[in-house]
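As a plain string of letters, each chain reads:
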Amino acid sequence: MAAGRGRRDSAVLGAAPTVGVPVEPSRDALTSVFREESGRLTAALVRILGDFDIAEEIVQDALVSALERWPIDGIPRKPGAWLQTVARRRALDLLRRETRYREKLMELTWPLRQEPDDRLRLIFTCCHPALAREAQVALTLRTICGLSVAEIARAFLTSEATIAKRLVRARRKIADAGIPYRVPADDELDERLREVLAVLYLMFNEGYLAHVGPEPMRRDVAEDATWLTELLTRLLPGEPEPVGLLALMRLHLARSSGRFNARGELVLLREQDRSLWDRKMIDSATRLLEEAARQKRPGPYQIQAAIVACHAEALSWEQTDWPQIVALYDVLLRMRPSPVVRLNRAIALDHVAGPDVALAEVDVLASELDGYYLFHATRAELLRALDRRAEAATAASRALKLTTNPAERALLQKRIGEL
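Residues numbered from 1 in each chain as written. Predicted model: local features only at pLDDT ≥ 70, side-chain atom pairs only at ≥ 80, totals over all residues. Heavy atoms only, no water.

Notes on the side chain of arginine 142
Here arginine 142 shows up in helix 6 (residues 133-143). Given the relative accessible area of 13%, arginine 142 is considered buried. Leave out the neighbours within four places in its chain, and arginine 142 touches Glu56, Gln60, Leu147, Ser148, Val149, Ile152, Leu167 and Arg171. (Helix = DSSP H or I, 4+ residues; strand = E, 2+ residues; numbered from the N terminus. Buried < 20%, exposed > 50% of the residue type's maximum accessible area, 1.4 Å probe, protein only. Contact = heavy atoms within 4.5 Å.)

Description of the nonpolar core
Judged by nonpolar contacts, the single largest core of 108 residues is most densely connected at Met203 and Leu232. Not counting residues up to four positions away in its chain, the partners in contact with leucine 232 are Leu120, Ile123, Leu193, Val196, Leu197, Leu200 and Pro242. Counting 14 residues, the second-largest nonpolar core is a separate cluster that includes Ala358, Leu365, Leu382 and Ala392. (Core = buried A, V, L, I, M, F, W, Y, C linked by side-chain atoms within 4.5 Å.)

So, the packing of helix 13 (residues 300-313) against helix 14 (residues 322-335)
Here helix 13 crosses helix 14 at 165°, and the two axes come no closer than 10 Å. Regarding the angle of helix 13 to helix 14, the classification is roughly antiparallel. Crossing of helix 13 over helix 14 shows left-handed handedness. For the pair formed by helix 13 and helix 14, the contact residues are Pro300, Ile303, Gln304, Ala306, Ile307, Cys310 and His311 on the first element and Trp322, Gln324, Ile325, Leu328, Tyr329, Val331, Leu332 and Met335 on the second. Looking at the contact of helix 13 with helix 14, its residues break down into twelve nonpolar, three polar and no charged. (Axes fitted to C-alpha atoms, helices over the stretch in contact; angles between N-to-C directions. Parallel < 35°, antiparallel > 145°, perpendicular 65-115°, else oblique. Left-handed = near helix turned anticlockwise from the far one by under 90°. Nonpolar A, V, L, I, M, F, W, Y, C, P; charged D, E, K, R; others polar.)

Here we look at helix 18 (residues 373-385)
Compared with an ideal rise of 1.5 Å per residue, which puts 13 residues at 18 Å, helix 18 spans 19 Å between its outermost C-alpha atoms and is within 8% of the ideal. Every buried residue of helix 18 is listed here: Tyr373, Phe375, His376, Ala377, Thr378, Arg379, Ala380, Leu382 and Leu383. Here the buried face of helix 18 lies against helix 15 (339-353), helix 16 (355-363), helix 17 (366-369), helix 19 (389-402) and helix 20 (406-418). Aspartate 387 sits one or two positions beyond helix 18 and adopts a positive phi of about 65°. (Expected span 1.5 Å × (residues − 1).)

Remarks on the state of the cysteines
Tallying each qualifying case throughout the model produces zero disulfides. In this structure cysteine 126 is not part of a disulfide, and its nearest cysteine sulfur, from cysteine 127, lies 6.3 Å away. Residue cysteine 127 is classed as buried on the basis of its relative accessible area, which comes to 1%. (Disulfide = S-S within 2.5 Å.)

Looking at the packing of helix 11 (residues 240-254) against helix 12 (residues 279-293)
For any two helices packed against each other, one specifies the crossing angle of their axes together with the interaxial distance. Following both chains from N to C, one finds helix 11 and helix 12 inclined at 160°, their axes separated by 8 Å at the closest point. Looking at the two axes, helix 11 sits roughly antiparallel to helix 12. Crossing of helix 11 over helix 12 shows left-handed handedness. Here Pro240, Val243, Gly244, Leu246, Ala247, Arg250, Leu251, Leu253 and Ala254 of helix 11 come into contact with helix 12, specifically with Met281, Ile282, Ser284, Ala285, Leu288, Leu289, Glu291 and Ala292. Residue composition of the contact of helix 11 with helix 12, grouped by class: 13 nonpolar, two polar and two charged.

What about the packing of aromatic side chains?
Overall, the coordinates contain seven aromatic pairs when judged by the stated rule. Taking 5.6 Å as the distance between ring centres and 35° as the angle between the ring planes, the aromatic pair formed by phenylalanine 34 and tryptophan 70 counts as tilted. Taken together, the residues phenylalanine 34 in helix 1 (residues 27-49) and tryptophan 70 in helix 2 (residues 52-73) connect sequence positions 36 residues apart. Joined through ring pairs, the aromatic side chains of Tyr201, Phe204, Tyr208 and Tyr301 make up one cluster. Over the face of the ring belonging to tyrosine 208 we find arginine 259, whose NZ or CZ atom lies 3.6 Å from the ring centre. (Phe/Tyr/Trp six-rings, centres within 6.5 Å; stacked < 30°, edge-to-face > 60°. Lys NZ or Arg CZ within 6 Å of the ring centre and 35° of its normal.)

A look at the side chain of arginine 171
Secondary-structure assignment places arginine 171 in helix 8 (residues 160-176). Within the structure, arginine 171 has its side chain in polar contact with the side chain of glutamate 56 (distance 2.4 Å). Residues within four places of arginine 171 in sequence aside, it is in contact with Phe52, Asp53, Glu56, Leu139 and Arg142. (Polar contact = N/O pair within 3.5 Å; in protein donor to acceptor, adjacent residues only side chain to side chain.)

What to know about a negative patch on the surface
Negative charge collects at one region of the surface, where Asp278, Asp283, Glu290 and Glu313 lie side by side. Relative to the elements of secondary structure, aspartate 278 occurs in the loop between helix 11 and helix 12. (Patch = residues over 30% accessible without salt bridge, like charges linked within 9 Å, V, L, I, M, F, W, Y side chains within 5 Å. Areas by Shrake-Rupley, 256 points an atom, 1.4 Å probe, with all protein chains shown as cover. Salt bridge = Lys/Arg side-chain N within 4 Å of Asp/Glu carboxyl O. Lys, Arg positive; Asp, Glu negative; His and termini not counted. Charge placed at Lys NZ, Arg CZ, Asp CG, Glu CD.)

Description of empty space enclosed by the protein
Empty space among the atoms can be located by rolling a probe the size of a water molecule over them. If you walk through the whole model with that rule in mind, you get three cavities of 30 Å³ or more. Lining the second largest cavity are Thr42, Glu56, Val59, Gln60, Arg142, Thr143 and Gly146. Of all the secondary structure elements, the ones that give two or more residues to the lining of the second largest cavity are helix 2 and helix 6. No other element matches the three residues that helix 2 contributes to the lining of the second largest cavity. Residue composition of the lining of the second largest cavity, by class: one nonpolar, four polar and two charged. (1 Å grid on protein atoms, 1.4 Å probe; cavity = no way out; pocket = protein on both sides within 12 Å on 5 of 7 lines; lining within 4 Å. Points joined across faces, edges and corners; volume = space filled by probe spheres on them.)

Right, here's the structure in full:
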């Protein structure tokens, strides 16, 4: 959830009393503070206690206390310190009964020390490559964003029991495998950071174009991923790739208002109403991209953001700088060669060299991308441009079988009908 939007109908928020609650502080204000402070507090407690479950229990109790008091008393001037005090009291009550934690009590009797990299440690632990991808996402949302199990289950349209099992397995794996609670050393930072960024981008893409459920886009999930990426840029100010990823996410979100029509159907980029795009967000994302470029350490996310910026900065479809986009895809292919990047380059190449040249590039990828719906959807569009309508209809039908997103399915069905 993006700071200040207050989108979650969370289990924690649901614990607030409804009688006598004033209009201020707003749910937006409470949610913004909670998300910023809960991850910070959880990270500090995990460092001290070495136990995810107990840390999360203490933080949730502190948040419930805040929801009972702040709507009446107002948000404290230093909400983090208020939550720390409540959490420390709860920890002392809880841990006095636990012999193995007795030595930890001395550290908890003083205000919790907030080390600058506590949350950074926690992010790298949650996204450790030893954990399954689904577990990485669930654990990150739970500990850093403070989402409840019910919220995570709703976000990914699965059961609470499934998410709870993922979290239990992930925590057990961290303990059993001795996964260290630390920021990786310099010689392994690049590789581990790539893993963290991959988790965040996976999370964003699942929200930006949902693969399950009736909604074509779940903006709340995309905004959670964007907020986490922004947090990472603050925790790693010398790393340009998180900045590039943040710019990429914001550029996508800036254009999201034009992606669907009133019926929830997907609108192709060529046909989108660009007056609906958020120009302020586009400008801020472009400045981020320039900031990353000044570090002269280009990476795949920076290049992808530059490609999307070419689209976002064009005031009309006809003004799109397609040769520049093809050139950027060439750079991206050298950095991260993959059939999907080659497919996207071929789409851009269509506007430079024509559909026949682009189709030849796409057909080479058949063996690698036969199970990927965008491969067949792209072939359908190129074949349609070449007036090979029967083949185009076959390709569109194949794409339809491979996607579950309702907006994409509606667009493909429309294309098949036209053919």
